[in-house]
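# Examination of the molecular architecture
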Amino acid sequence: MTLIWVDGKLRDADGARVSVLDHGLTVGDGVFETVKTVDGRPFALTRHLDRLALSARGLGLPEPDLEEVRRACAAVVEANPMPLGRLRITYTGGLSPLGSDRGDAPPTLVVALGGASRRPDTTAVVTVPWTRNERGALTGLKTTSYAENVVALARAHRHGASEALFGNTVGLLCEGTGSNVFVVLDGELHTPPLASGCLAGITRALVMEWVGAKETDLPLDVLTRAEEVFLTSSLRDVQAVHRVDDRELPAPGPVTAEAMRVFAERSAADVDP
């Protein structure tokens, strides 16, 4: 039976409940992290917890007790053994009045683990007509206000793709619904800077450290001429893109293949880089 951590203890799935008045449900007032687990070991957990705290501060939520979150993660992973998993940490504003004002109750912490399957080496993506707001109040925060990603991802699935890519309000390439994007131009690796409005992805940062990439303002139409494109995320690792909209690309190309190789080797050697 799946066991889930809710506010201080493990509970079975049927009993793992939060109030219908939780601010995370009523207005999306919460932050979260998704962590890959391999054979019961969370990958890059310290980086994920640091970002959880950063997102909480950005929303004005009380500082999370990261040691408690670590204990919760360890308990959930131990209670639900699996070879490859998706560990979800959710931290919300807790019980609050109906509306945008927060109440005085403590935050809600939920940690759950679900099974995952290894991603394919290549995938297809589509661009969408909606934009990321690089100057919004939630820019750079990993919040539970995720509805626009749900809509965009559904559009991608309707077009036979696994991810949707956004531009920002000034027409620059930004990110996917749950991934960062890298492109190869004249043999060099580039990715949008954080100023574009993209999330500071954990895998993005590791690829930049281990492989090297230039942070570059890239027009959205760079996807029509890039030699290679790949995505990064906690569950995708480094994933080559073989199609952008109707454009086919060789995948994985040489730069992408090298990034995939280096990431696989480095991540296997250090579970918490």
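See the structure shown above.
First, a word on what this report is: a plain description of the structure on this page. (Residues numbered from 1 in each chain as written. Predicted model: local features only at pLDDT ≥ 70, side-chain atom pairs only at ≥ 80, totals over all residues. Heavy atoms only, no water.)

### Overview of the overall build of the protein chain
Counting its secondary structure elements, the protein chain contains six helices and 15 strands. Compactness check: the protein chain gives a C-alpha radius of gyration of 19 Å against a globular reference of 19 Å for 273 residues, within 12% of the reference. A burial count over the protein chain gives 47% of its 273 residues as buried. Considering only intrachain contacts with a sequence separation of at least 6, the fraction spanning at least 24 residues in the protein chain is 68%. Only carbon and sulfur atoms are counted for the fraction: they give 54% of the accessible area of the protein chain, which is about 12,500 Å². Looking at charge distribution, the protein chain has the averaged site of its 28 positive side-chain charges lying 2 Å from that of its 36 negative ones. (Helix = DSSP H or I, 4+ residues; strand = E, 2+ residues; numbered from the N terminus. Rg over C-alpha atoms; globule rule 2.2 N^0.38 Å. Buried < 20%, exposed > 50% of the residue type's maximum accessible area, 1.4 Å probe, protein only. Contact = heavy atoms within 4.5 Å. Areas by Shrake-Rupley, 256 points an atom, 1.4 Å probe, with all protein chains shown as cover. Lys, Arg positive; Asp, Glu negative; His and termini not counted. Charge placed at Lys NZ, Arg CZ, Asp CG, Glu CD.)

### Section: the pattern of salt bridges
Within this structure, the stated rule accounts for 14 salt bridges. As a salt-bridge pair, Arg51 and Glu33 come within 2.8 Å of each other at their nearest N and O atoms. Linking Arg51 in helix α2 (residues 45-59) with Glu33 in strand β3 (residues 30-38), this pair joins segments that are 18 residues apart in sequence. There is no split in this pair, since Arg51 and Glu33 are both buried. (Salt bridge = Lys/Arg side-chain N within 4 Å of Asp/Glu carboxyl O.)

### Comments concerning the environment of Gly178
With respect to the secondary-structure elements, Gly178 resides in the loop between β9 (173-176) and β10 (180-185). Spatially, the C-alpha atoms of Gly178 and Arg41 are 22 Å apart, while their sequence positions differ by 137 residues. When near neighbours in sequence (up to four residues on either side) are disregarded, Gly178 contacts Tyr146, Glu163 and Ser233.

### Considering the layout of surface pockets
Considering only enclosed or pocket space, the largest pocket measures out at about 1,100 Å³ in volume. Sort the elements by how many residues they give to the lining of the largest pocket and helix α4 (residues 147-158) lands first, with five residues. Classifying every residue of the lining of the largest pocket gives 13 nonpolar, 23 polar and twelve charged. As a volume, the second largest pocket reaches approximately 470 Å³. Along its surface, the second largest pocket is lined by 21 residues, and Lys36, Val38, Asp237, Ala264 and Ser267 are the ones closest to its centre. (1 Å grid on protein atoms, 1.4 Å probe; cavity = no way out; pocket = protein on both sides within 12 Å on 5 of 7 lines; lining within 4 Å. Points joined across faces, edges and corners; volume = space filled by probe spheres on them. Nonpolar A, V, L, I, M, F, W, Y, C, P; charged D, E, K, R; others polar.)

### Some points on the state of the cysteines
Applying the stated rule across the entire model yields zero disulfides. Free cysteine Cys174: the closest other cysteine sulfur is in Cys198, separated by 5.4 Å. Given a relative accessible area of 1%, Cys174 falls into the buried group. (Disulfide = S-S within 2.5 Å.)

### As for the sheet that holds strand β5 (residues 84-92)
Across the sheet, six strands lie side by side as β2-β1-β6-β5-β3-β4; this open sheet has antiparallel pairing. Looking at strand neighbours, the two that pair on one side only are β2 (9-12) and β4 (41-42), the edges of this open sheet. Here two bridges tie β3 to β4, and the two strands are oriented antiparallel to one another. Pairing of Thr37 across the sheet is with Pro42, part of β4. (Pairing = 2+ DSSP bridges.)

### Remarks on the nonpolar core
Membership of the largest hydrophobic core comes to 22 residues, with the highest contact counts inside it found for Leu87, Ile89 and Val111. Broken down by secondary-structure element, the contributors of at least two residues to this core are β3, α2, α3 (66-79), β5 and β6 (108-115). (Core = buried A, V, L, I, M, F, W, Y, C linked by side-chain atoms within 4.5 Å.)

### Side note on the packing of helix α5 (residues 202-210) against helix α6 (residues 254-269)
At a minimum axis distance of 10 Å, the contact between α5 and α6 shows a crossing angle of 105°. Classified by the angle between their axes, α5 and α6 sit roughly perpendicular to one another. Every residue of α6 that contacts α5 at Thr203, Leu206, Val207 and Trp210 is listed here: Val262, Phe263, Arg266 and Ser267. Residue composition of the contact of α5 with α6, by class: five nonpolar, two polar and one charged. (Axes fitted to C-alpha atoms, helices over the stretch in contact; angles between N-to-C directions. Parallel < 35°, antiparallel > 145°, perpendicular 65-115°, else oblique.)

### Some words on the side chain of Thr203
Among the secondary structure elements, Thr203 is positioned in helix α5. Here Thr203 falls in the buried class, since its relative accessible area comes to 5%. Ignoring sequence-local partners within four residues, the contact set of Thr203 consists of Thr232, Ser233, Ser234, Asp237 and Phe263.

That is the geometry; function is a separate question.
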